[in-house]
Amino acid sequence: MQNEIFRILIINPGSTSTKIGVYDNEQLVFEDTLRHSAEELAQYPSVIDQYAFRKDAIIASLESGGVALNGLQAVCGRGGLLRPIAGGTYIVNDQMIEDLKKGYSGQHASNLGGIIAKKIADYVEIPAYIVDPVVVDEMHPLARISGFSLISRKSIFHALNQKAVARRFAKEIGKRYEELRLIVTHMGGGITVGAHCFGKVIDVNNGLHGDGPFSPERAGTVPTGELVDLCYSGTYFRTEIMSKLVGKGGLVGYLGTNDAVTVEKRIEAGDGEAALVYEAMAYQVAKEIGSAAAVLEGKVDAIILTGGLAYGKQYVEMIKSRVNWISEVVVYPGEDELQALAEGALRILNGEEKAKTYPA
């Protein structure tokens, strides 16, 4: 089985583009980014209504690239906003399609991934999968307690990339992901720090609009009393407050940009405020890593830094200097969602894992 070649189509829909890749096992053999103009998307009342338009664009791209559908062994789409589920690779079934269409946990372009994957897969009678969607929820009951009885902490994080780099590290040291205790930090437009305990993320901050470090675009944890005062000050509408927390928070709120490269150039030019805010973002990440170390009772095999911000050597060093006493710090800059999805499908096809059934 190890020498068998499985050809897998990967579909990753974003808000204004659809990225596709074709893999022979782990080897990328075809890739395309289909960009969708605002005018094209404006024709459709909702994200789900874009389904046929995006599917046809994918098929046309594959035909142009000489990729035959009947040569595929599987199709894997980006997981959308489903019910909370454990991590892993799931076969796309009717219940999943229904939840993706209605947007069980919200509407997002990623909801189209499973739907399009299933349609193409059914056409050539092969399986369709999704891997580690953002709604992966493996949190320990202790981690759900917020301290405010009307609100529970939620697991919303960069599950796909966090688990992909955790598995990559495990493979590199000759162990299984399920044997390790890891702290994985994804640092992009949002920042999430996950405590990975023997294959499960037992605690993680809600990187969308919950808690944790501030990031290039998000405020993270903020003083609740002052936030309540702002909400009832009569100055802001709800949408304005939300945009200050998500989208216009973090670096954008303090410095007017979400671009770490721009911030580093300002620091080099002597901008003291930029230097302070940038270091504060690293400081908050280090604090969150320290918190995750406590969750793992100080038994940490490695701390992994990943995502776009991990390209910044200065930023990474500011974090490492505060946490390298906990464990080895490993850096995997960037993220490769297509590769991570392909690896998730391949683990099923080669018999390494069994596909899970939704809802778990």
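Let us look at the structure shown here. None of the values given here were measured: they were computed from a predicted structure.

Structural notes on the overall build of the protein chain
Right, so step 1: For the protein chain, the count of helices and strands is 13 helices and twelve strands.
Right, so step 2: The globule rule puts the C-alpha radius of gyration for 360 residues at 21 Å, and the 21 Å found for the protein chain is close to it.
Right, so step 3: Summarising its shape, the C-alpha atoms of the protein chain cover approximately 60 × 50 × 45 Å along the three principal directions.
Right, so step 4: About 17300 Å² of surface is accessible on the protein chain, with carbon and sulfur atoms providing 51% of the total.

Structural notes on the packing of aromatic side chains
Any two aromatic rings considered together are summarised by their centre-to-centre distance and by the angle between their planes.
Right, so step 1: Scanning all chains against the criterion turns up three aromatic pairs.
Right, so step 2: With 5.2 Å between their ring centres and 35° between their planes, tyrosine 278 and tyrosine 315 make a pair best called tilted. Of this pair, tyrosine 278 sits in helix H11 (residues 272-295) while tyrosine 315 is found in helix H12 (residues 313-323), placing the two residues 37 residues apart along the sequence.
Right, so step 3: Tyrosine 278 gets classed as buried once you look at its relative accessible area, which sits at 0%.
Right, so step 4: Here tyrosine 315 falls in the buried class, since its relative accessible area comes to 0%.

Description of the sheet that holds strand E8 (residues 191-197)
Right, so step 1: Read across the open sheet, the five strands follow the order E9-E8-E7-E10-E11; overall the sheet is mixed. Because the sheet does not close on itself, it has two edges, and the strands there are strand E9 (200-204) and strand E11 (329-333). Across this sheet, the average inter-strand angle for adjacent strands is 25°, counted without regard to direction.
Right, so step 2: Two elements, E8 and E9, share four bridges in a ladder whose sense is antiparallel. Within the sheet, the bridge partner assigned to alanine 195 lies in E9 and is aspartate 203.
Right, so step 3: Contacts between H12 and the sheet are confined to strand E7 (181-187), E8, strand E10 (302-307) and E11, with E10 contributing the most and set at about 160° to the helix.

Details of unusual backbone geometry
Right, so step 1: Residue proline 359 is reached from tyrosine 358 by a cis peptide bond, and omega for that bond is -10°.
Right, so step 2: Within the element layout of this structure, proline 359 appears in the segment after strand E12 (356-357).
Right, so step 3: For glutamate 297, which is not a glycine, the phi torsion comes out positive at approximately 60°.
Right, so step 4: With respect to the element layout, glutamate 297 can be found in the loop between H11 and E10.
Right, so step 5: A relative accessible area of 57% means that glutamate 297 is categorised as exposed.

Comments concerning the pairing of strand E6 (residues 128-131)
Right, so step 1: Of the two faces of E6, both are covered, the one formed by Ala128 and Ile130 as well as the one formed by Tyr129 and Val131.
Right, so step 2: Looking at chain direction, strand E4 (residues 74-78) and E6 are connected through four bridges and run parallel. Along E6, the bridge assignment pairs valine 75 with alanine 128.
Right, so step 3: Summarising the sheet, strand E5 (residues 89-91) and E6 pair through three bridges and their orientation is antiparallel. Residue pairing for E6: threonine 89 is matched across the bridge by valine 131.

About the criteria used
Residues numbered from 1 in each chain as written. Predicted model: local features only at pLDDT ≥ 70, side-chain atom pairs only at ≥ 80, totals over all residues. Heavy atoms only, no water. Helix = DSSP H or I, 4+ residues; strand = E, 2+ residues; numbered from the N terminus. Rg over C-alpha atoms; globule rule 2.2 N^0.38 Å. Areas by Shrake-Rupley, 256 points an atom, 1.4 Å probe, with all protein chains shown as cover. Phe/Tyr/Trp six-rings, centres within 6.5 Å; stacked < 30°, edge-to-face > 60°. Buried < 20%, exposed > 50% of the residue type's maximum accessible area, 1.4 Å probe, protein only. Pairing = 2+ DSSP bridges. Axes fitted to C-alpha atoms, helices over the stretch in contact; angles between N-to-C directions. Contact = heavy atoms within 4.5 Å.

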